[in-house]
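# Coordinate inspection notes
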Amino acid sequence: MQISEPDNFYDLVIVGGGIVGASFCCALEQELGETPLSILVVEAISPNTNSARQSSFDAKSTALSFGSRKFLEGIDLWQALDDAVSAIHEIQVSDRGRLGSVKINRDEQDVEALGYVVENKRLGQVLNARLNESKKINLLCPALVSCVKATEKGMQLDLNHGDTETRVDASLVVLADGGKSPVCEQLGIAQSVERYDQHALIANIVFEKPHQHVAFERFTDTGPLAVLPLESIDGKNRGSLVWTLSVEQAAQYRELNEEELLPLLQERFGYKLGKILEIGETFVYPLSLCIAKEQVRPSLALLGNVAHTLHPVAGQGLNLALRDTRALVDVLVNAKQQGLGLGEMNVLLEYVACQEADQATTTQFTHNITKLFSSNNEAKVWLRKFGLVAIELLPTLRRGLAERAMGLSKS
Ligand SMILES: Cc1cc2nc3c(=O)[nH]c(=O)nc-3n(C[C@H](O)[C@H](O)[C@H](O)COP(=O)(O)OP(=O)(O)OC[C@H]3O[C@@H](n4cnc5c(N)ncnc54)[C@H](O)[C@@H]3O)c2cc1C
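Residues numbered from 1 in each chain as written. Predicted model: local features only at pLDDT ≥ 70, side-chain atom pairs only at ≥ 80, totals over all residues. Heavy atoms only, no water.

## Some words on the site of the ligand
- Among the 31 residues in the neighbourhood of the ligand, the closest are listed as Glu43, Ser55, Ser56, Ala63 and Leu318.
- With respect to the ligand, the backbone of Val145 contributes an N or O atom lying 3.0 Å from a nitrogen atom.
- The backbone of Gly317 places a nitrogen or oxygen atom 3.5 Å from an oxygen atom of the ligand.
- Surface burial for the ligand is 91%, taken as the share of its 1,000 Å² of free accessible area covered by protein chains.
- Among the secondary structure elements, those contributing two or more residues to the shell around the ligand are helix H1 (19–32), strand E3 (61–64), strand E9 (144–150) and helix H9 (317–337).
- A class-by-class count of the residues in the shell around the ligand yields 14 nonpolar, 14 polar and three charged. (Near = heavy atom within 4 Å. Polar contact = N/O pair within 3.5 Å; in protein donor to acceptor, adjacent residues only side chain to side chain. Areas by Shrake-Rupley, 256 points an atom, 1.4 Å probe, with all protein chains shown as cover. Helix = DSSP H or I, 4+ residues; strand = E, 2+ residues; numbered from the N terminus. Nonpolar A, V, L, I, M, F, W, Y, C, P; charged D, E, K, R; others polar.)

So, in structure tokens, the structure goes:
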């Protein structure tokens, strides 16, 4: 429920109502049932604003794993997205200009789909609608958290909304304010950062031929280029492009008009889906691996990009964040039922223990793939070529890769 004035105290305050913050609230509300808990979400950007300013609900599309589908189904959000989701039946991985490609398909893996593509804007509408309908969750938006400070009993937050400044106390603060977090900086939580010197150019594109639910991942000398299948609109065969480029190229390409960019993209992607007929508005994102050096403190937990921002090459960032979300919700609900304080360090450390292996392997997997597939170093080119051929020939390797892509791998 949208509010105009927050109370003085909440059991839980979530900073950031982007995909992760909003999903966390919805899942927590569902799991709590009738258990009383006062919850406030503070989100800086109104959903009615130009979506390009809203990092979670802008023009990007997200490949959701089967595990993320289960999560969204569990909180009754999947049903509302269903008509806007395009299933991935096959993933084709290839190396531009070199032999060796891998096809992973749903029949071999014996699943309904390898993943699902949803436009973030649509996901945002569904999540926002849920937050607005909720009787339990107070939503203050647009409002900015300008300061978070530890107190004896928990955390104190300073909020700016409109011309008003308010102070709120909380037993627990969940920071879900994205990769560039001034709050985190102010709290002195350091990040380990590895810049990839790459930017991702994203756009929606229209092809001559239908995608037949195939997702393409193509490795080029500038880095990976992915095209994800989107639902067609007005008979247009749509795909979502994530094109990794050097920083200089990205700056240059974002200035090109559609006619100038189209042949460059066609040359990179090839003609698997026939001619590229249209390229929509382009957006550029700098890419780096950022990991917060602390995930929890007494009365504080980090969730989503503020905890770990990954390269989008393997489509793992949000999927991992939703697994973290599930784990944090379970730990908090359990603590509440046992009469423990939500902000107690042993409760929050239990969450860290649940997720640290998953976070470490997913991060390492994404980082290794990014490095391997962005390099023109001869040794890496050979490894890549050999790797793709080996995966194509060996069903066990293919299954391992597919399970990781589907978010089902436990290793
Ligand atoms: C090009 C690209 C493609 C991607 N593709 C995939 C994919 O296919 N699959 C996948 O799993 N992941 C993918 N990702 C990763 C995914 O987009 C992120 O994991 C996800 O967006 C993280 O969401 P978040 O809510 O943590 O952060 P954000 O999206 O940054 O949201 C943070 C929110 O907090 C609000 N906020 C910030 N500061 C404050 C404050 N002080 N007070 C109040 N509110 C505040 C912001 O307004 C925003 O709404 C991709 C990423 C990129 C860049």
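More follows now that the structure is in view.
## Some words on the sheet that holds strand E4 (residues 85–88)
- Across the sheet, which stays open at both edges, the three strands sit in the order E3-E7-E4 with antiparallel pairing between neighbours. Unpaired on one side and paired on the other, E3 and E4 mark the two borders of the sheet. If you compare each strand with its neighbour and ignore which way they point, the axes differ by 25° on average.
- Helix H5 (residues 120–133) rests against E3 and strand E7 (115–119) of the sheet, and its axis sits at about 80° to E7. (Pairing = 2+ DSSP bridges. Axes fitted to C-alpha atoms, helices over the stretch in contact; angles between N-to-C directions. Contact = heavy atoms within 4.5 Å.)

## Considerations on the packing of aromatic side chains
- Overall, the coordinates contain four aromatic pairs when judged by the stated rule.
- Considering the side-chain rings of Phe207 and Phe269, the 5.5 Å spacing of their centres and the 45° angle between planes classify their relative orientation as tilted. Residue Phe207 is found in strand E12 (residues 191–207), and its partner Phe269 is found in helix H8 (residues 258–269); the two are separated by 62 residues along the sequence.
- We classify Phe269 as buried; its relative accessible area is 2%.
- With a centroid separation of 5.3 Å and 55° between ring planes, the pair formed by Trp243 and Tyr253 is classed as tilted. Taken together, the residues span a long stretch of sequence, with Trp243 in strand E15 (residues 237–246) and Tyr253 in helix H7 (residues 247–253) at a distance of ten residues.
- Through pairs of rings, three or more aromatic residues link up here, namely Phe207, Phe216 and Phe269. (Phe/Tyr/Trp six-rings, centres within 6.5 Å; stacked < 30°, edge-to-face > 60°. Buried < 20%, exposed > 50% of the residue type's maximum accessible area, 1.4 Å probe, protein only.)

## Here's the deal with the nonpolar core
- Counting 55 residues, the largest nonpolar core has Ile14, Phe24 and Leu28 as its most contacted members.
- Residue contacts for Phe24: discarding those within four places in its chain leaves Leu12, Ile14, Val174, Leu303, Thr325, Leu328, Val329 and Leu332.
- Ala143, Leu157, Leu302 and Ala307 belong to the second largest nonpolar core, which has 26 residues in total. (Core = buried A, V, L, I, M, F, W, Y, C linked by side-chain atoms within 4.5 Å.)

## Topic: the side chain of Thr366
- Summarising the element assignment, Thr366 is placed in helix H10 (residues 345–373).
- If near-sequence neighbours (up to four positions away) are discounted, Thr366 is found in contact with Leu310, His311, Val313, Ala314 and Gln316.

## Side note on the environment of Ala203
- Looking at where Ala203 falls in the secondary structure, it is placed in strand E12.
- Of the residues examined, Ala203 reaches a relative accessible area of 4% and is grouped as buried.
- Spatially, the C-alpha atoms of Ala203 and Ala59 are 7.4 Å apart, while their sequence positions differ by 144 residues.
- Apart from residues no more than four positions distant in its own chain, Ala203 is found in contact with Gly239, Ser240, Leu241, Ile279, Gly280, Glu281 and Thr282.

## Some details on empty space enclosed by the protein
- Taken as a whole and judged by the stated rule, the model has one cavity of 30 Å³ or more.
- Estimates place the volume of the largest cavity at around 50 Å³.
- Residue lining of the largest cavity: Glu217, Pro224, Ala226, Val242, Thr244, His311, Pro312 and Val313, and that is the complete set.
- Of all elements in the fold, only strand E14 (223–229) and E15 reach the threshold of two or more residues within the lining of the largest cavity.
- Classifying every residue of the lining of the largest cavity gives five nonpolar, two polar and one charged. (1 Å grid on protein atoms, 1.4 Å probe; cavity = no way out; pocket = protein on both sides within 12 Å on 5 of 7 lines; lining within 4 Å. Points joined across faces, edges and corners; volume = space filled by probe spheres on them.)

## Some remarks on the pattern of salt bridges
- If you walk through the whole model with that rule in mind, you get twelve salt bridges.
- Asp83 is the salt-bridge partner of Arg122, the closest N and O atoms lying 3.2 Å from each other. Of this pair, Arg122 sits in helix H5 while Asp83 sits in the loop between helix H3 (78–81) and E4, and the two are 39 residues apart along the sequence.
- Among the residues examined, Arg122 registers a relative accessible area of 25% and is labelled partly exposed. (Salt bridge = Lys/Arg side-chain N within 4 Å of Asp/Glu carboxyl O.)

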